[in-house]
Amino acid sequence: MTFCSLERVVMILVEDLTIVSQREIAPRIFEMVLRGEMVAAMKVGQFVHLKVPDPSKLLRRPISISEIDYDKKEATIVYRVEREGTAILSKMVAGQTIDTMGPQGNGFDISVIEAGQKALLVGGGIGVPPLVETAKQLKAKGVEVISVIGFANKDAVILEDKLRACGEVYVTTDDGSYGIKGYVSTVIDGFDWTPDAVYSCGAPGMLKYVDSKFENHPHAYVSMEARMACGMGACYACVVQVKGESDAKNLRVCEEGPVFPTGKVIV
C-alpha cells in the first residue's frame, strides 16, 4: 500500500505479523518477537505501528525495532506498559497475530562510519532497545562500539548483555543502585576521545544533552519519541520545530524522523 505526502512517496506495508514469543524482561517492560515478510524491509532505528486488538483503541502504538533477524524473518520489539493499550499488547501470546504497519520512519545512518572507527551509542530507559540492532550491525562492519546507557535504578536496567556482546558498555543509574551513579553525561563528559559517529535515543532531557554536546558533530543523531495519530505523515500530530527557522518550520517525527541529526530540530 502506498501513501503520498508532499515531500515524497513512501511505501508502508500492513501485515498481520505472528507473535513468536513474549516475555517480561523487567518490571512493566516486555520483549515481543514478531515474524513476517515485513521484516525484510526493516532498517536500524525504524519503528512499527501496532494495532491494539480492542475495538475501543482507535490509535496504533508506535514501538521501535530492537533487533532484526533477516534469515528467520523475525524482529524483536521492546516496550513499556504505560496505559490500557500497551497492557493489552502485553497479554498477547505466541501464535497470535497482530496488525502491523511498517517499517516506518527514517532510521540511523550507519553508512557514515567505517571499519576501525569508533561509534558512541547513548541510551536512556526505554530508549535503549533501538540501539541493540544498531550495535550489532556496527560491530558486523568492524566498528568499535561503546555504549553508555542510563536508568532510574537497578531494576530498570535492560539489554545490557546484548549491548555488551557488541562492545564496551557503561551503565549509569540515578540512585547509584547499579553501575555508575549519575547520568549518561557523567560518563561521556569524562571521555578524552571524540567518537566518529553518535547514535542516541531516550528521554527528552538526555537527548537535549546529546544534542548540545554534539551539536556540531557531522555524524551525530538523536531518535525522538512523539505522540502519533496516523503515523504516516498525513495528520501532522507529531511535529518538531526546525532550529533557527523564523517561520517555525516543522518536521514530522513519523516521517522525516524519528532520527534527526543533532542541531537540526528543537529537542
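Residue indices begin from 1 for each chain and proceed along its sequence in written order. The predicted origin of the model limits local features to residues at a pLDDT of at least 70 and limits the giving and counting of side-chain atom pairs to 80 or more, whereas totals for whole chains, interfaces and linings rest on all residues. Side-chain descriptors were evaluated using all non-hydrogen atoms of the structure, hydrogens and water having been removed beforehand.

Undergrad: Could you clarify how one ought to interpret the environment of Val-93 in this entry?
TA: For helices the rule is a DSSP run of H or I covering at least 4 residues; for strands it is a run of E covering at least 2, with both sets numbered from the N terminus onward. The topology assignment puts Val-93 in the loop between helix H1 (84-90) and strand S8 (97-104). Categorising residues by exposure relies on relative accessible area from a 1.4 Å probe, with only protein chains included: less than 20% of the type maximum marks a residue as buried, more than 50% marks it as exposed, and the intermediate range marks it as partly exposed. Judged by relative accessible area, Val-93 falls into the partly exposed class, the value being 47%. Once the C-alpha coordinates of Val-93 and Arg-23 are considered, the two residues, 70 residues apart in sequence, prove to be 9.1 Å apart.

Undergrad: Even after reading the chapter, I still don't get the sheet that holds strand S3 (residues 13-26), so can you show me in this structure?
TA: Strand pairing in a sheet relies on backbone hydrogen bonds, with the paired strands running either antiparallel or parallel. Strands sit in the order S3-S4-S7-S6-S5-S8 around a closed barrel of 6 strands; the barrel is antiparallel. Geometrically, the sheet is characterised by an average inter-axis angle of 45° between neighbouring strands, direction not taken into account. Bridge analysis of strand S5 (residues 47-50) against strand S6 (residues 61-69) gives 4 bridges, and the strand direction is antiparallel. Each residue of the ladder has a partner; that of Phe-47, found in S6, is Ser-64. Any two residues whose heavy atoms approach within 4.5 Å are treated as being in contact. Angles shown run from 0 to 180 degrees and are taken between the N-to-C directions of axes, each axis being a line fitted to C-alpha atoms and, for helices, limited to the stretch in contact. Its contacts with the sheet place helix H2 (residues 129-140) against S6 and strand S7 (74-80), and it is angled at close to 25° to S6. Two strands qualify as a pair provided that DSSP identifies no fewer than 2 bridges between them.

Undergrad: Even after reading the chapter, I still don't get the nonpolar core, so can you show me in this structure?
TA: Note on soluble globular proteins: their nonpolar side chains tend to be buried together. Grouped together as the largest cluster of nonpolar side chains are 30 residues, with contacts concentrated most on Leu-121, Leu-138, Ile-158, Leu-163 and Tyr-199. Looking at this core element by element, the count peaks at 4 residues for H2. Among all residues touching Leu-138, those that are not within four sequence positions of it are Ile-110, Ile-113, Ala-119, Leu-121, Val-143, Val-145 and Tyr-199. Take the buried Ala, Val, Leu, Ile, Met, Phe, Trp, Tyr and Cys residues and link them wherever side-chain atoms come within 4.5 Å; each set so joined is a nonpolar core.

Undergrad: Please explain the pattern of salt bridges as it appears in this structure.
TA: Definition used for salt bridges: Asp or Glu carboxyl oxygen within 4 Å of a side-chain nitrogen of Lys or Arg. All told, the structure shown has 13 salt bridges when counted by the stated rule. In this structure, Glu-37 engages Lys-73 in a salt bridge whose closest nitrogen and oxygen atoms are separated by 3.0 Å. You can see Glu-37 sitting in the loop between strand S4 (29-35) and S5 and its partner Lys-73 sitting in the loop between S6 and S7, a full 36 residues away along the chain. Overall, the relative accessible area of 35% leaves Lys-73 in the partly exposed class. Between Lys-213 and Asp-189 there is a salt bridge whose closest N-O contact spans 3.1 Å. In this pair, Lys-213 is assigned in helix H5 (residues 204-213) and Asp-189 in the loop between helix H4 (184-188) and strand S13 (197-201), connecting sequence segments 24 residues apart. It is possible to trace a salt-bridge network through shared partners that takes in Arg-23, Glu-31, Glu-67, Glu-133, Lys-136 and Lys-162.

Undergrad: What should I look at first to understand the pairing of S13 in this one?
TA: Burial of S13 is extensive: 5 of the 5 residues sit out of reach of the surface. Burial along S13 is two-sided: Ala-197, Tyr-199 and Cys-201 facing one way and Val-198 and Ser-200 facing the other are all buried. As defined by bridge partners, strand S9 (residues 118-124) adjoins S13 across 5 bridges and the pair is classed as parallel. Among the inter-strand pairings, Gly-123 is bridged to a residue of S13, identified as Cys-201. Across 4 bridges, the pairing between S13 and strand S14 (residues 220-223) is parallel. Across the sheet, residue Ser-200 finds its bridge partner in S14, namely Val-222.

Undergrad: I keep staring at the side chain of Ser-200 and nothing clicks. Help me out?
TA: Along the polypeptide, Ser-200 turns up in strand S13. In this structure the side chain of Ser-200 is engaged in a polar contact, spanning 2.9 Å, whose partner is the backbone oxygen of Tyr-221. Under this definition, polar contacts are N or O atom pairs within 3.5 Å; protein pairs additionally need one hydrogen-donor-capable and one acceptor-capable atom, and for neighbouring residues in sequence, both atoms have to be side-chain atoms.

Undergrad: Would you mind going over H5 with me for this structure?
TA: Helical periodicity: at 3.6 residues per turn, an α-helix aligns residues three or four positions apart in one direction. When H5 is considered as a whole, its buried residues turn out to be Met-206, Leu-207, Tyr-209, Val-210 and Asp-211. The secondary structure elements touched by the buried residues of H5 are S9, H4, S13 and S14.

Undergrad: Just to check I follow, could you spell out the side chain of Lys-57 for this structure?
TA: By the element assignment, Lys-57 lies in the loop between S5 and S6. Lys-57 gets classed as buried once you look at its relative accessible area, which sits at 17%. With sequence-adjacent residues up to four places away left out, Lys-57 is seen in contact with Val-52, Glu-84 and Ile-88.

Undergrad: Teacher, can you tell me more about the pairing of strand S10 (residues 144-151) here?
TA: Residues in a regular strand project their side chains so that they alternate between the two faces of the sheet. With 7 of 8 residues buried, S10 lies mostly within the body of the structure. Judged from the 7 bridges that link them, S9 and S10 form a sheet pairing that is parallel. Paired with Lys-118 across the bridge in S10 is Glu-144. Handedness of a crossover is defined as follows: orient the strands so they point away from the viewer, and if the path from the first strand over the helix to the second runs clockwise, the crossover is right-handed. What joins S9 to S10 is H2, and the crossover it makes is right-handed. The pairing of S10 with strand S11 (residues 167-173) spans 7 bridges and is parallel. Bridged to Val-148 within S11 is Tyr-170.

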